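# A look at the structure
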Amino acid sequence: MSYRWYTLNYNNHQSNSMKIEKIQTGKRRYMDLLLLGDEQESMIDRYLDRGDVFVMSNENEKAIGIAVVTDEGNEVCELKNIAVALEYQRNGYGREMIEHMCRIYCNRFSSMTVGTGDSIQTVSFYKNCGFMYTHSIPDFFIANYDHTIIEEGKPLKDMLYFRKSLTSYRP
């Protein structure tokens, strides 16, 4: 497995060395992280086996972040799940995971999409990572989840889709 070490220093926190590696087997052992990004296991099961899974680990080999990317055809890949362990959030690790995914997939795909709920913090995160709103799927969360998903104190209803061009990452 190939991996890359990163030294990140965000929000005046001490630099930490992290590595991101593609996971070939045993993807379900990271279910605790996956459930941070998508809180229903049956929904994760819809894409986990067909997706590429990348795990970010610290120097102690502790998994602190995860991303799952799928091939959606027509030169489009989708970021199906991205999550960072709570104690590591808001330190740039999620953004670095997305940047890493963009660099990996830029030669295979022309764009990356991501679907998310309508919460200010999440939408702002994706916009700050260069994603632009494209469309919504009405009542997605109501129709596909067996319980109400609450973010920022409000129930999620519609799935918002965003797209990012990957062509600028090409050498």
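Before reading on, note that the structure itself is shown above.
A separate point is the packing of helix α3 (residues 93–105) against helix α4 (residues 120–128). Interhelical geometry of α3 versus α4 gives an angle of 45° and a closest axis separation of 11 Å. Relative to α4, the element α3 is oriented oblique. Of the two possible hands of crossing, α3 and α4 adopt the one that is right-handed. Residues G94, R95 and I98 of α3 touch α4, and the partners they reach there are F125, Y126 and N128. Partitioning the contact of α3 with α4 into residue classes produces three nonpolar, two polar and one charged.

This part is about the pairing of strand β6 (residues 111–116). Most of β6 is tucked away, with five of its six residues classed as buried. Strand direction decides the pairing type here: strand β5 (residues 76–84) and β6, joined by four bridges, are parallel. Residue pairing across strands places E78 opposite T113, the latter belonging to β6. Running through α3, the crossover from β5 to the neighbouring parallel element β6 is right-handed. Relative to strand β10 (residues 159–165), β6 runs antiparallel, the two sharing six bridges. In the strand pairing of β10, M112 is matched with K164.

Attention now goes to the packing of aromatic side chains. Under the definition given, this model contains nine aromatic pairs. Between Y126 and F131, the ring centres sit 5.7 Å apart and the planes meet at 80°, which makes this aromatic pair edge-to-face. What makes Y126 buried here is its relative accessible area of 7%. In this structure F131 comes out as buried when scored by relative accessible area, which is 2%. A connected cluster of aromatic rings, assembled from ring pairs, spans F54, Y105 and F109.

Scoring rules and cut-offs
Residues numbered from 1 in each chain as written. Predicted model: local features only at pLDDT ≥ 70, side-chain atom pairs only at ≥ 80, totals over all residues. Heavy atoms only, no water. Axes fitted to C-alpha atoms, helices over the stretch in contact; angles between N-to-C directions. Helix = DSSP H or I, 4+ residues; strand = E, 2+ residues; numbered from the N terminus. Parallel < 35°, antiparallel > 145°, perpendicular 65-115°, else oblique. Left-handed = near helix turned anticlockwise from the far one by under 90°. Contact = heavy atoms within 4.5 Å. Nonpolar A, V, L, I, M, F, W, Y, C, P; charged D, E, K, R; others polar. Buried < 20%, exposed > 50% of the residue type's maximum accessible area, 1.4 Å probe, protein only. Pairing = 2+ DSSP bridges. Right-handed = clockwise from strand over helix to strand, strands pointing away. Phe/Tyr/Trp six-rings, centres within 6.5 Å; stacked < 30°, edge-to-face > 60°.

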